[in-house]
Amino acid sequence: YSADTDPESFETFWGQPVTTEEMIKGMKASGFDSLRVPVAWTNAMEYEKGDYTINEAYLDRVEEVINYALDNDMYVIINDHWDGSWWGMFGSSKQSDVDKAFEMYKSMWTQIANRYKKYSDRLIFEGANEELGDRLNDTDVCKNSGSLSKAECYEMANKINQTFVDTVRATGGNNEYRYIMVPAYAATSNMGALRAMKLPDDERIIVSVHAYSPYNYAMNSGYSKKFSDSDKKELDKFFSDLNSLFISKGIQVVIGEFGATNKGDEADRCLWAEYYIKGAAKYGIPCVWWDNNSGDSEGGECFGIYNRKTGEWTFKDLADTLIRSAK
């Protein structure tokens with residue numbers, strides 16, 4: 001593919017149909033009020049040639065999806081998601097590579113922020129997904145990468161986050177005031193990494209945390225299907241720690257991704273979902289379900305509960321539990 005490839009073709013890479021407004025209306029009708037749109041911006045630029053210009057058709061298509069949600073009275077989060085392995089440039093042993101990475105990152109977010117600055121803060125920008133972790137040492141694109149220690153990755157993630165905030169704010173207009181999301185190292189829920197996070201110097205920051213928790217219940221296919229008392233204690237401590245670290249200090253947190261894989265027991269997954277959502281709601285933390293497919297398979301990383309091809313809920317009881325618990 002190239003920078004001028006039809007933008008809609010990228011939406012089908014992971015086995016999904018092209019996004020339609022009917023899909024979004026189906027989500028909204030069931031009670032979901034936020035949509036997180038993962039975007040790989042390098043699909044639409046020739047950055048390998050030093051050209052960081054995002055194709056206009058790509059920007060148009062992202063805006064079309066944004067409008068699907070905003071027109072249906074939802075909040076929208078757009079980010080820079082996965083996006084190939086260019087992030088390894090930040091971990092290069094050559095300063096010229098690092099400089100190019102920052103140049104590209106700033107160019108990207110300047111274009112994005114300028115394009116969508118007319119929107120209110122119902123549109124939220126998120127500076128990265130989980131790339132501000134080991135991906136900073138990725139050698140797929142940058143063979144000189146791999147130079148950063150774990151502590152240096154923490155430091156680089158903080159620097160990238162500050163660059164993101166400064167770049168968005170510099171575009172002016174509504175972008176001076178909208179809330180924007182930043183992840184810690186790899187967007188992790190690990191408290192050690194979260195404590196190493198230096199928040200950007202800004203008053204309208206949301207910390208993005210990905211928490212498929214407790215891990216053994218939510219992600220480990222070999223673990224029990226039953227949501228246990230020890231699982232509950234782990235969640236209680238997690239949300240309490242988030243409160244101590246951020247919420248109690250006036251810093252908002254959003255669980256930008258969460259979910260539990262399908263292990264064949266929807267009723268038990270509903271018990272987990274209710275406990276999770278209510279635990280987060282106790283501290284005013286919104287949660288965004290990661291729906292990565294139709295959800296009709298068992299095991300693996302199958303978090304899907306909504307079939308976008310049919311517009312039906314594969315796990316309707318679970319969807320209803322999420323909405324009911326949030327209210």
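Right, let's walk through the structure included here.

## Comments concerning a nonpolar patch on the surface
Here's step 1: On the surface, a nonpolar cluster with roughly 500 Å² of combined accessible area is contributed by Tyr 1, Phe 13 and Trp 14.
Here's step 2: In this structure, Phe 13 sits in the segment before helix H1 (21–29).

## A word on the packing of aromatic side chains
Centre-to-centre distance and the angle between the planes together describe a pair of aromatic rings.
Here's step 1: Taken as a whole and judged by the stated rule, the model has 25 aromatic pairs.
Here's step 2: Ring plane angle 85° and centroid distance 5.2 Å describe the contact between Phe 258 and Trp 289, whose orientation is recorded as edge-to-face. One end of the pair, Phe 258, is in strand E6 (residues 252–258); the other, Trp 289, is in strand E7 (residues 287–289), and 31 residues separate them in sequence. A single burial state applies to Phe 258 and to Trp 289, both of which are buried.

## Details of empty space enclosed by the protein
Here's step 1: Counted by the stated rule, this structure contains two cavities of 30 Å³ or more.
Here's step 2: Considering only enclosed or pocket space, the largest cavity measures out at about 50 Å³ in volume.
Here's step 3: Here the lining of the largest cavity is built from residues that sort into one nonpolar, three polar and five charged.
Here's step 4: Empty space within the second largest cavity amounts to approximately 40 Å³.
Here's step 5: If you go around the second largest cavity, the residues you meet are Tyr 154, Ala 157, Asn 158, Asn 161, Pro 183, Ala 184, Tyr 185, Ala 193, Ala 196 and Met 197.
Here's step 6: A per-element tally of the lining of the second largest cavity places helix H4 (residues 150–170) first, with four residues.

## Considerations on the state of the cysteines
Here's step 1: Using the criterion set out here, one finds zero disulfides in the structure.
Here's step 2: Considering cysteine sulfurs only, Cys 302 is the nearest to Cys 270, which forms no disulfide, with 15 Å between them.

## What to know about helix H9 (residues 316–326)
Here's step 1: Along H9, the positions that sit buried rather than exposed are Leu 318, Ala 319, Thr 321, Leu 322, Ile 323 and Ser 325.
Here's step 2: Against E6, helix H8 (266–281), E7 and strand E9 (312–313) lie the buried residues of H9.

## Structural notes on the sheet that holds E7
Here's step 1: An order of E1-E2-E3-E4-E5-E6-E7 is seen for the seven strands of this open sheet, with the pairing classed as parallel. Since the sheet does not close on itself, it has two edges, and those belong to strand E1 (34–37) and E7, each with one partner. Ignoring strand direction, the axes of neighbouring strands in this sheet form an average angle of 25°.
Here's step 2: Two strands pair when backbone bridges link them, and E1 and strand E2 (residues 75–79) are joined in this way by four bridges, in the parallel orientation. Across the sheet, Leu 35 pairs through a bridge with Val 76, a residue of E2.

## Details of the pairing of strand E3 (residues 123–126)
Where a strand is regular, its side chains alternate between the two sheet faces.
Here's step 1: Every second residue of E3 is oriented toward a common face, with Leu 123 and Phe 125 on one face and Ile 124 and Glu 126 on the other, all of them buried.
Here's step 2: Relative to E3, E2 runs parallel, the two being bridged by four bridges. When the bridges of E3 are listed, Ile 77 appears paired with Ile 124.
Here's step 3: As paired elements, E3 and strand E4 (residues 180–183) share two bridges and run parallel to each other. Looking at E4, one finds that Phe 125 is bridged to Ile 180.

Reading the values: rules and limits
Residues numbered from 1 in each chain as written. Predicted model: local features only at pLDDT ≥ 70, side-chain atom pairs only at ≥ 80, totals over all residues. Heavy atoms only, no water. Patch = residues over 30% accessible without salt bridge, like charges linked within 9 Å, V, L, I, M, F, W, Y side chains within 5 Å. Areas by Shrake-Rupley, 256 points an atom, 1.4 Å probe, with all protein chains shown as cover. Salt bridge = Lys/Arg side-chain N within 4 Å of Asp/Glu carboxyl O. Helix = DSSP H or I, 4+ residues; strand = E, 2+ residues; numbered from the N terminus. Phe/Tyr/Trp six-rings, centres within 6.5 Å; stacked < 30°, edge-to-face > 60°. Buried < 20%, exposed > 50% of the residue type's maximum accessible area, 1.4 Å probe, protein only. 1 Å grid on protein atoms, 1.4 Å probe; cavity = no way out; pocket = protein on both sides within 12 Å on 5 of 7 lines; lining within 4 Å. Points joined across faces, edges and corners; volume = space filled by probe spheres on them. Nonpolar A, V, L, I, M, F, W, Y, C, P; charged D, E, K, R; others polar. Disulfide = S-S within 2.5 Å. Contact = heavy atoms within 4.5 Å. Pairing = 2+ DSSP bridges. Axes fitted to C-alpha atoms, helices over the stretch in contact; angles between N-to-C directions.

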